[in-house]
There are 4 protein chains.
Amino acid sequence: MAGNSFGKLFKLSTFGESHGPAIGGVIDGCPAGLSVDLEKIQTELNRRKPGQSAIVTQRKEPDTVEFLSGIFEGKTTGTPIGFIIQNSNQKSKDYSHIKNTYRPSHADYTYDEKYGFRDYRGGGRSSARETACRVVAGALAKQLLENIEINAFTASVGDIFLNKKPHEIDFSLIETNPVRCPDKASAEQMETYIKQIRKEGDTVGGTVQCVIKNVPKGLGEPVFDKLHAELGKAMLSINAVKGFEYGSGFEGTKMKGSQHNDLFNEDGTTKTNLSGGIQGGISNGMDIYFNVAFKPVATIMQDQETINREGDMVKMQGKGRHDPCVVPRAVPIVEAMAALVLADFMLQNKCAKL
Amino acid sequence: MAGNSFGKLFKLSTFGESHGPAIGGVIDGCPAGLSVDLEKIQTELNRRKPGQSAIVTQRKEPDTVEFLSGIFEGKTTGTPIGFIIQNSNQKSKDYSHIKNTYRPSHADYTYDEKYGFRDYRGGGRSSARETACRVVAGALAKQLLENIEINAFTASVGDIFLNKKPHEIDFSLIETNPVRCPDKASAEQMETYIKQIRKEGDTVGGTVQCVIKNVPKGLGEPVFDKLHAELGKAMLSINAVKGFEYGSGFEGTKMKGSQHNDLFNEDGTTKTNLSGGIQGGISNGMDIYFNVAFKPVATIMQDQETINREGDMVKMQGKGRHDPCVVPRAVPIVEAMAALVLADFMLQNKCAKL
Amino acid sequence: MAGNSFGKLFKLSTFGESHGPAIGGVIDGCPAGLSVDLEKIQTELNRRKPGQSAIVTQRKEPDTVEFLSGIFEGKTTGTPIGFIIQNSNQKSKDYSHIKNTYRPSHADYTYDEKYGFRDYRGGGRSSARETACRVVAGALAKQLLENIEINAFTASVGDIFLNKKPHEIDFSLIETNPVRCPDKASAEQMETYIKQIRKEGDTVGGTVQCVIKNVPKGLGEPVFDKLHAELGKAMLSINAVKGFEYGSGFEGTKMKGSQHNDLFNEDGTTKTNLSGGIQGGISNGMDIYFNVAFKPVATIMQDQETINREGDMVKMQGKGRHDPCVVPRAVPIVEAMAALVLADFMLQNKCAKL
Amino acid sequence: MAGNSFGKLFKLSTFGESHGPAIGGVIDGCPAGLSVDLEKIQTELNRRKPGQSAIVTQRKEPDTVEFLSGIFEGKTTGTPIGFIIQNSNQKSKDYSHIKNTYRPSHADYTYDEKYGFRDYRGGGRSSARETACRVVAGALAKQLLENIEINAFTASVGDIFLNKKPHEIDFSLIETNPVRCPDKASAEQMETYIKQIRKEGDTVGGTVQCVIKNVPKGLGEPVFDKLHAELGKAMLSINAVKGFEYGSGFEGTKMKGSQHNDLFNEDGTTKTNLSGGIQGGISNGMDIYFNVAFKPVATIMQDQETINREGDMVKMQGKGRHDPCVVPRAVPIVEAMAALVLADFMLQNKCAKL
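Here the structure is a predicted model, which is why all the values come from computation and not from measurement.

Draft legend 1. Molecular detail of the overall build of chain A. Helices and strands together make up the secondary structure of chain A, namely 7 helices and 17 strands. Rg of the C-alpha trace for chain A: 21 Å, near the compact-globule value of 20 Å for 354 residues, within the 12% margin. Its C-alpha atoms give chain A principal-axis dimensions of about 65 × 50 × 40 Å. Taking all 354 residues of chain A together, 70% fall into the buried category. By sequence separation, contacts in chain A at least 24 residues apart represent 71% of the contacts at least 6 residues apart. When the accessible area of chain A is evaluated, it comes to approximately 11,100 Å², of which 47% is carbon and sulfur surface. Here chain A carries 43 positive and 42 negative side-chain charges, and the mean point of each set is 2 Å from the other.

Printed below as a string of structure tokens:
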């Protein structure tokens, strides 16, 4: 209830602060009999891991997931799947400099206002570290979804955009570069820009696009739980996200109905796909695609003026190891959240008709 | 569960098709002792009503809400508030021309795929008529929220944009024109454009912006139920919505952290508000503002090729009375959904700390 | 959330006070394609109706259900099923004598304490009148359950007991007498006793037993949502219920494991059925049976001392038309709640395994 | 959803099999700022622990709880509280004898039917070992409830009953004997009986009574979530429970209304308390009391005929270390579940009125 659970039938509940002994979660509602490839789950976690390339934070966290229940002889048993990820790195840090200080555009101030005090070590619960648990659950959800292909990638960094339509993307290129942009030239531009930004002690935002193929028809529940509404919530719940659009998105608002309508082919597919694979909140079998906007990371390596708990102005030093651009590491998180949404609706849809 | 309920503590469940005898809903969880101004609720409904101006659909529906329970001697009793809105207009229509035909970019095809058959009369449950129930519940939520001011307005129609920052808006101008755009010149341009579009038998999209003032600090629940994630879901669940962004939104992705961070004043307010009043998913007391993208209405007054249930290509005539642009009537719906989200989080926040 | 919804996938939300214009509800999650026999639903309502025989309250309420949505051309559409039952009789009553008075063992005092004031007309929301909505939804659930047979009946009135084992009951006798006891001799004894109690201006309690046949194996969810735990909650939520036991129940606590264990036959059935058809919270295919304890109705036709809102002792007259024994009219309510639980678990079970 | 979560606002989700590496849970929704006494939590766990006396199972499990999150500097932070309990004893056991065999009146058969296969090691998820997690969460809930006193105790073993009214109990005697019966003579009789039963290689049932003092008025939500309905569900979800009754319970069904009604004193208390502290599903401030029926443990130390997965009759040896009577160790579990229900309703009640 207090916001740490996601999903109705395929449900993830997570816990853990960035600097406690461990983070973890419980996946309840995964059907019994699913053969689980544990290595694939770890592989997804590794895509999110700090220290994976020269353009992400150089912190070291092994991020190894341990499953504690719900899997027996290689298969899910239908009972809840508990897991933890140890926080190996948590003791070495010194957070006394932010104990009484509110970092600008962080959650420090709002947590204090809401709860009366906060776990100030590295952001506590508001740290993006919690997304590791989403990746674990999402990786399991992907295995449940079998034939559905979920591919996210970096679509922009700052004002450098990958100018390709969803159907033009070669997904096999995503993992060929540290930016996770499926276009060699754009990827190189973005990489160069991120390195420059890091030198400046600054950060930059960007967008992730996600394309989902082979979606069965009928996923999504009217009225409030439309497929794109849950996808939107899922994405907006990821740290640093400021916007979500699917199909024609914000650009579509400028169009006329006669241009925007997706005319049918005889087999029920559509000639265009401005609907983004969803009509009336329900998947129509065409590709689902959407964009997710990430703001620049708030922690910068520059001094900033800020206030402390007493309301005094204080100078705050930029230090530590942080991502100059969150987008490359956000790619697997976007995929994971998409997988959780689809897995949940796939189960819900089993009850749609007799 | 099947998607017709919204909210956790302040909860709305709705029912009803556009052409059944009535639509309605149940509001559960409204605290006892709230003095209810029934007239204000009807006023909100009237803002959404068809036939209210020359630029919206000319259908006639009185849209009078009747409360059946939960209010006694002018106050909420703490028990569920049931209400209905009769469908006065539903018998006169002839829908035989769409009985077996899938209208392009409507929910006809997906409902049929999901449920095996559908109520084809005027869109059935997928009709935007269901949003009238949201407006009723939202109007009640507004009364619960007292000092919080929620103002939505038309920010663009097609490519005509109101070029004002959230803090520059004079909300008193919103209801002075049928477009609900708080700027005389822009409103006139938009109105002219909508009339032209209607003459073409076409439709056009647009965006609604919403600005919320006097929000208490501390609303929103980490991790998955961030305030902006629920706002996003709420907006994306409205018919025809394709995108949501808050604060700096998609533009913010192009910025550097050093530009984007909202520096504090000594009183905890911030010098800028690119965060859009929400940090770490929790309100910080600054104005919340967000944009909602609406696609052009799919029903156009032009002939279109489409398919029937048998998969044959058929010609479909454009007829009936529909909105050339949904945005002016969407304004009260956006406000209603925002009110539902805030009311729910206000109740949830009562349990945040001892 | 505030307690007026029941079920997770097959979900009922109800509203309405005994003396408002109407009561009603929304059933969300009923799969599409179910052929609905509306007459059968009304028949169930009639079994609960006041005035049906000489031993129940002589109030007159036609209790006609009107469906407002979710059923089209005789079938459920998968969208929410809204319904109302008009309160035809509500204006004639005078409740001024209880406006400021707390009736002993009623909900008057607790509602006032919880909500700050109450709708004092005939019990308001705490009136057993709300159970009519349960019967409507339960009657629909029965139609979804097809082959499952749910039979409840009066097992005791005061200290007159039907001394039969669940498997000895002839269900065809239940509706042959106004007590709904499937044994002619016991029924007559009970009827005579109820009439005598009424003459005394008093009331008496009793128990309802329910036997469910042809239950599929596998219904019920461990750990917290065991089948019998939800059945127990369902029954305990009915007005006037004080206890629930299934299978061997309270008597079983006196037994030894060697006597109590149900040994298997080779086909997976068991030689005895002290488990009551449920093992580990999951149905095993044997008959489910349980007892529900109803206290005597609190409204008696005798004068009682009580207090008013100011805490003064006042004399309260016994008047009005009330049931001397609630049990005969509770039988269809017990069946309805059992049907809701089973329908919900039947849907939930669709996701148990791949 | 799949049944491993309990509570709406104070919510526990658990995971873990008896013979996996660990069991554990997540408590979400505990308000921030609660000072946590970790030792008291461990003390409650020790009351449930195997091997604590001569009349319970002699298995050795240290049952030490480790908290992983949500508590910082001795206080709850408002974020989820994750915890695990290592299964130290799980590797030594040999379960090959039950791998393909269905133990009578266990959950073996039903799990196999529901999930297609099962974790056969020691009952897997159906083992009462999961109740350790309930005790952890319940012990925390007790600390949130402060002044509310929850005392459960053994009220019967087999046909040996403690013949005392709830208000006659001296709670300080509960922990003075291994049976947890607050009467020296009855406790000795029960202990002797349990030892004799164990010698026979048999087991026996019993009842636990729980008395709750200092309950605030107003807890519980009409209509479906009545306080006693949730208490009933909570108790019925505990392994081996067959029945629940509160206040006058099943005996109350034999009474007349004129005897059963609890007449008021001028201060709103009642002269009698057959209502058991709950009227209309809402606490009235009087003591809450209820009985919980436990069947005899199904695992006996005698040979039994049973079937295997192939449906063949096989002889099954009674071996291992099991409780001859589950009731003494069930006492802290009953208290824990009661605390969870009350904590949840205490939070829910914050939204009852303005």
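Draft legend 2. Spatial organisation of the nonpolar core. Counting 354 residues, the largest nonpolar core has A:F290, B:F290, C:F290 and D:F290 as its most contacted members. Among all residues touching A:F290, those that are not within four sequence positions of it are A:V208, A:Q209, A:C210, A:I212, A:L231, A:M235, A:F244, A:E245, A:Y246, A:V334 and A:A338.

Draft legend 3. Representation of the interface of chain A and chain B in the model. Taken together, the contacts link 110 residues of chain A with 112 residues of chain B. For the pair chain A and chain B, the two sides together bury roughly 8,400 Å², of which 59% comes from carbon and sulfur. Inspection of the region where chain A meets chain B yields 8 salt bridges. For the salt bridge of A:E200 with B:K256, the shortest nitrogen-to-oxygen distance reads 3.0 Å. For the side of chain A that touches chain B, the class distribution of residues is 40 nonpolar, 43 polar and 27 charged. With 3 bridges joining them, strand 12 (residues 241-246) of chain A and strand 12 (residues 241-246) of chain B adopt antiparallel strand pairing.

Draft legend 4. Structural detail: the packing of aromatic side chains. Under the definition given, this model contains 38 aromatic pairs over all chains. Plain terms: the ring middles of C:F67 and C:F83 are 6.0 Å apart, the flat faces sit at 55° to each other, and that makes the pair tilted. With C:F67 in strand 4 (residues 65-67) and C:F83 in strand 7 (residues 81-86), this pair connects stretches of sequence that are 16 residues apart. In terms of burial, C:F67 and C:F83 fall into one category: buried. Among the aromatic residues, those joined into a cluster by ring pairs are A:Y102, A:Y109 and B:F264. Here the guanidinium or amino end of A:K242 rests over the ring plane of B:Y246, the centre of that ring lying 3.9 Å away.

Draft legend 5. Inspection of the sheet that holds strand 16 (residues 304-308) of chain A at higher detail. Residues and elements named next belong to chain A. Spatial ordering of the open sheet is given by 8-16-17, a layout of 3 strands whose pairing is antiparallel. Since the sheet does not close on itself, it has two edges, and those belong to strand 8 (101-102) and strand 17 (313-316), each with one partner. Relative to strand 16, strand 8 runs antiparallel, the two being bridged by 2 bridges. Note that in strand 16 the partner of Y102 across the bridge is I307.

Draft legend 6. Highlighting the relation of the copies chain A and chain B. Mapping chain A onto chain B is achieved by rotating through 180° and translating by 0.0 Å along the same axis, at an RMSD of 0.0 Å. The transformation relating the two chain copies, once decomposed into turn and shift, fits a two-fold axis. Here 100% of the interface residues in chain A have copies in chain B that are interface residues too; the copies meet face to matching face.

Draft legend 7. Summary view of the sheet that holds strand 2 (residues 11-15) of chain A. Residue and element names in this part refer to chain A. The sheet built from 5 strands is open, its strands ordered 1-2-3-7-4 with antiparallel pairing. A single partner strand is all that each edge strand has here, and the edge strands are strand 1 (5-6) and strand 4 (65-67). Two elements, strand 4 and strand 7 (residues 81-86), share 3 bridges in a ladder whose sense is antiparallel. Bridging across to strand 7, F67 finds its partner in F83. With respect to the sheet, helix 1 (residues 38-48) is in contact with strand 4 and strand 7, its orientation differing from that of strand 4 by roughly 150°.

Draft legend 8. Quick peek at helix 5 (residues 227-236) of chain C. For helix 5 of chain C, the buried fraction is high: 10 of the 10 residues fall into the buried class. Turning to helix 5 of chain C, its buried residues are C:L227, C:H228, C:A229, C:E230, C:L231, C:G232, C:K233, C:A234, C:M235 and C:L236.

Draft legend 9. Fine view of unusual backbone geometry. All names here are of chain B. The amide bond that connects P222 to the next residue, V223, takes the cis arrangement and shows omega of 5°. Considering the arrangement of structural elements, one finds V223 in the loop between strand 11 (206-213) and helix 5 (227-236). Its identity is not glycine, yet D63 carries a phi of approximately 50°, on the positive side. Counting through the fold element by element, D63 comes out in the loop between helix 1 (38-48) and strand 4 (65-67).

Draft legend 10. Inspection of helix 3 (residues 131-145) of chain C at higher detail. Residues and elements named next belong to chain C. An ideal rise of 1.5 Å per residue puts 21 Å on 15 residues; helix 3 measures up with 20 Å between its terminal C-alpha atoms. Summarising burial for helix 3: 14 of the 15 residues are buried, a large majority. Immediately beyond the C-terminal end of helix 3, within one or two residues, lies E146, with a positive phi of roughly 50°.

Draft legend 11. Summary view of the interface of chain A and chain C. The interface is formed by 13 residues belonging to chain A together with 13 residues belonging to chain C. Joining chain A to chain C, the criterion identifies 0 salt bridges. Partitioned by chemical class, the residues of the side of chain A that touches chain C number 10 nonpolar, 1 polar and 2 charged.

Draft legend 12. How the structure looks around the relation of the copies chain A and chain C. Between chain A and chain C, the superposition needs a rotation of 180° and an axial shift of 0.0 Å, giving an RMSD of 0.0 Å. Taken as a fraction of all interface residues of chain A, those also at the interface in chain C reach 100%, which identifies the copy contact as same-surface.

Draft legend 13. Summary view of the state of the cysteines. Following the criterion strictly, the structure yields 0 disulfides over all chains and no others. Free cysteine: A:C133, not disulfide-bonded; nearest cysteine sulfur from A:C30 at 16 Å. Owing to a relative accessible area of 0%, A:C133 belongs among the buried residues under this scheme. In this structure D:C30 is not part of a disulfide, and its nearest cysteine sulfur, from B:C351, lies 11 Å away.

Draft legend 14. Inspection of the environment of D:N151 at higher detail. All names here are of chain D. Within the fold, N151 resides in strand 9 (residues 149-157). In the structure, N151 is positioned 142 residues away from A293 in sequence and 16 Å away in space, judged by C-alpha atoms. Ignoring sequence-local partners within four residues, the contact set of N151 consists of F171, I174, Q209, C210, V211 and E335.

Draft legend 15. Spatial organisation of the side chain of C:D344. All names here are of chain C. By the element assignment, D344 lies in helix 7 (residues 327-348). Despite its burial, D344 pairs with no opposite charge, the nearest such side chain being K8 at 6.8 Å. Polar contacts involving the side chain of D344 include one to the main-chain amide nitrogen of F10, which spans 2.9 Å.

Draft legend 16. Layout of the confidence of the model for chain A. Per-residue pLDDT for chain A averages 95, and the proportion of residues at 70 or more is 98%. Per the prediction output, this complex has pTM 0.98; the corresponding ipTM is 0.97.

Draft legend 17. Molecular detail of the side chain of B:T57. Residues and elements named next belong to chain B. Relative to the helices and strands, T57 is located in the loop between helix 1 and strand 4. For T57, the side chain forms a polar contact with the main-chain nitrogen of R59, separated by 3.3 Å. Setting aside chain neighbours within four positions, we find T57 in contact with P50, G51, R321, H322, D323 and R329.

Calculation criteria
- Sequence positions are assigned chain by chain, starting from 1 and proceeding in written order.
- All chains are assigned letters beginning with A, and all ligands numbers beginning with 1, in the order in which they are written.
- Per-residue local features of the predicted model are confined to residues with pLDDT of at least 70, and side-chain atom pairs are confined, for both listing and counting, to 80 or more; whole-chain, interface and lining totals are unaffected and use all residues.
- Neither water nor hydrogens contribute to the side-chain values; these are computed over all heavy atoms in the structure.
- Each helix corresponds to a stretch of at least 4 residues labelled H or I by DSSP, and each strand to a stretch of at least 2 residues labelled E; elements are numbered beginning at the N terminus.
- All radius of gyration figures rest on C-alpha atoms, and the globule criterion is 2.2 Å times the number of residues raised to 0.38.
- With a 1.4 Å probe rolled over the protein chains alone, any residue whose accessible area is under 20% of its type maximum counts as buried; one over 50% counts as exposed, and the rest are partly exposed.
- Here, two residues are considered to be in contact whenever any of their heavy atoms come within 4.5 Å of each other.
- Residue burial considers only the protein chains on display, and all accessible areas are found by Shrake-Rupley using a 1.4 Å probe.
- For the purpose of counting charges, residues Lys and Arg are taken to be positive, whereas Asp and Glu are taken to be negative. His and the chain ends are not included.
- Just so you know, the charge point we use is NZ for Lys, CZ for Arg, CG for Asp and CD for Glu.
- Residues grouped as a nonpolar core are buried Ala, Val, Leu, Ile, Met, Phe, Trp, Tyr and Cys residues, joined through side-chain atoms within 4.5 Å.
- Simply put, the buried area is the total loss of 1.4 Å probe accessible area from both parts when two parts are fitted together.
- Any carboxyl oxygen of Asp or Glu that lies within 4 Å of a side-chain nitrogen of Lys or Arg is treated as forming a salt bridge with it.
- Classification convention: Asp, Glu, Lys, Arg as charged; Ala, Val, Leu, Ile, Met, Phe, Trp, Tyr, Cys, Pro as nonpolar; all other residues, Gly among them, as polar.
- The pairing criterion for strands is at least two bridges between them, as found by DSSP.
- The rule is short: rings of Phe, Tyr and Trp, with Trp giving its six-membered ring, pair when the centres are within 6.5 Å, and they are stacked under 30 degrees, edge-to-face over 60, tilted in between.
- Geometrically, a charge over a ring is one whose NZ (Lys) or CZ (Arg) sits within 6 Å of the ring centre while staying within 35 degrees of the ring normal.
- What sets the superposition is a least-squares fit of C-alpha atoms, and only residues with pLDDT of at least 70 in both copies go into it.
- Note on geometry: axes are lines fitted to C-alpha atoms, helical ones only across the stretch in contact, with angles between N-to-C directions running from 0 to 180 degrees.
- To estimate the expected span of a helix, count its residues, drop one, and scale the result by 1.5 Å.
- Our working definition of a disulfide is a cysteine sulfur pair at a distance within 2.5 Å.
- Definition of a polar contact: a pair of N or O atoms within 3.5 Å, with one able to donate and the other able to accept a hydrogen when the atoms are protein atoms, and with sequence-neighbouring residues admitted only if both atoms are side-chain atoms.
- What pLDDT reports is the predictor's confidence in each residue, on a scale of 0 through 100.

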